[in-house]
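# Analysis of the macromolecular model
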Amino acid sequence: MTNAFVINGGKPLKGEITPQGAKNEALQVISAVLLTEEKVTISNIPDIKDVNKLIELLGDMGVITEKIAPDTYTFIAKDIDQDFFQSDAFKSKGGGLRGSIMIVGPLLARFGKASIPKPGGDKIGRRRLDTHFLGFEKLGARFDYNPEDGFFNVDASNLQGTYILLDEASVTGTANIVMTAVLSKGITTIYNAACEPYLQQLCKMLNRMGAKISGIGSNLLTIEGVTKLGGTDHRLLPDMIEIGSFIGLAAMTGSEITIKDVNYKELGMIPDVFKRLGIKLELRGDDIYIPAQDHYEIETFIDGSIMTIADAPWPGFTPDLLSICLVVAIQAKGSVLIHQKMFESRLFFVDKLLDMGAQIILCDPHRATVIGLDKKVQLRGISMTSPDIRAGVSLLIAALSAQGKSTIYNIEQIERGYQHIDTRLKALGADITRI
């Protein structure tokens, strides 16, 4: 029996909500503890499945992990059990967790070898891992894929700094290569590097541990290899995808919501994109205040043509919030073209929104045109299944704004990215129960 949320929608919400720590940053910085024998303390860790599984995986391989507060852990990766990487336990745990690819770089850098099962994860199109592996190879690692046991075995006993031009500005790919390069001999230059805030956080943390990384925040990173790294304390940024989701939630449900402690300067163009959809928001200290709005209107381009919202590598708009924009546009006045460039099946949840009464034309796997209902017609509640984390939350927002009862199945997907989401929404007055 799978878990589901039952939502009675159509009620405005009210109150304050605090975003969790950034999931994507957590997977990177927690993997980075493998680079040192010394103690690393990380706070603002979100209590979500993907992150908890990674912490558990580190424990299995010999890292001493201790939870010293609800969101704070210490890690000591002094003694790592190398035999664990050939075990069935590692194959089942590592294979089921997309974030497990992030441990490869640190293991290669510190121990000169690693094994990794073929990773799993979300159904959002072909998320290639080539960028990671090509980067490792450029630094001198040698790969051997064993089709019989499904493991990649990597030998990296002689890593040398080099010039790397990434074929795509992959966030996890860049992070993995950076973690490998910090302990390689000589100088590594990474061009077309991702520069998301998560990655800047990782680089700053590594520098505090003794790494020599320059160019942080740009797409050209220079890394001077060092022989060893020490411990540090690190605090995760708030999750910008949650912040964007809550902005969308407030608009769709006509709610007055304050999002606390958002670290506004790290949100890039996210607030501006929601403003283009007509959503009023104001910065109060480091909180975003969204007034209850009966009405919001999508801007057009200067020549009057239809607004397009598309994703792009940072500092462009993050692909993780496009599905939220799509849902928010359903009740706006005006029309918008949502163009999902980076993944080819992230818009396939649109059929559920059509069943709820939305006016959307799915042009192709990458583009959808939303014709706003201007809150003249309410969506209607239906039963549906969440295909992936981001679509799941988008459907949840649609359900909270809809008339009547909705049931969302496969909520494990949502909970991989959003901690205790039902409890936190209830605190705002949402009628949501778990069955």
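Scroll up to find the structure.
Before going into details, it helps to say that this report is about the structure given with it.

What counts as what
Residues numbered from 1 in each chain as written. Predicted model: local features only at pLDDT ≥ 70, side-chain atom pairs only at ≥ 80, totals over all residues. Heavy atoms only, no water. Helix = DSSP H or I, 4+ residues; strand = E, 2+ residues; numbered from the N terminus. Rg over C-alpha atoms; globule rule 2.2 N^0.38 Å. Buried < 20%, exposed > 50% of the residue type's maximum accessible area, 1.4 Å probe, protein only. Contact = heavy atoms within 4.5 Å. Areas by Shrake-Rupley, 256 points an atom, 1.4 Å probe, with all protein chains shown as cover. Lys, Arg positive; Asp, Glu negative; His and termini not counted. Charge placed at Lys NZ, Arg CZ, Asp CG, Glu CD. Core = buried A, V, L, I, M, F, W, Y, C linked by side-chain atoms within 4.5 Å. Patch = residues over 30% accessible without salt bridge, like charges linked within 9 Å, V, L, I, M, F, W, Y side chains within 5 Å. Salt bridge = Lys/Arg side-chain N within 4 Å of Asp/Glu carboxyl O.

Once that is clear, we can look at the overall build of the protein chain. On a plain count of helices and strands, the protein chain comes out with 14 helices and 23 strands. A globule of 435 residues ought to have a C-alpha radius of gyration of about 22 Å, and the protein chain, at 22 Å, matches this closely. Across its three principal directions, the C-alpha atoms of the protein chain cover 65 × 50 × 45 Å. Going through the 435 residues of the protein chain one by one, you find that 57% of them count as buried. Here the contacts in the protein chain between residues at least 6 apart in sequence split such that 74% fall between residues at least 24 apart. Accessible surface, the protein chain as shown: approximately 16,900 Å² in total, 51% of it carbon and sulfur. Taking the average place of the 46 positive charges on the side chains of the protein chain and the average place of its 51 negative ones, the gap between the two points comes to 2 Å.

Our focus in this paragraph is the environment of Leu 221. Here Leu 221 shows up in strand 12 (residues 220-224). Residue Leu 221 is classed as buried on the basis of its relative accessible area of 1%. The spacing of Leu 221 and Lys 376 is 155 residues in sequence and 50 Å in space, taken between C-alpha atoms. Apart from residues no more than four positions distant in its own chain, Leu 221 is found in contact with Thr 174, Val 178, Thr 188, Thr 189, Ile 190, Ala 193, Leu 199, Cys 203, Ile 213, Ser 214, Gly 215 and Ile 216.

This brings us to the nonpolar core. Core analysis: the biggest nonpolar cluster contains 78 residues, and Ile 259, Phe 274, Leu 326 and Leu 353 have the highest contact counts within it. Those residues in contact with Phe 274, other than ones at most four positions away along the chain, are Gly 244, Ile 247, Gly 248, Ile 279, Leu 281, Leu 321, Ile 324, Cys 325 and Val 328. With 69 residues, the next largest nonpolar core counts Val 40, Leu 57, Leu 58 and Val 104 among its residues.

A separate point is a nonpolar patch on the surface. Judged by side-chain polarity, Tyr 163, Leu 165, Tyr 191 and Leu 220 come together as a nonpolar surface patch covering roughly 390 Å² of accessible area. With respect to the secondary-structure elements, Leu 165 resides in strand 9 (residues 163-165). When its relative accessible area of 47% is taken as the criterion, Leu 165 is described as partly exposed.

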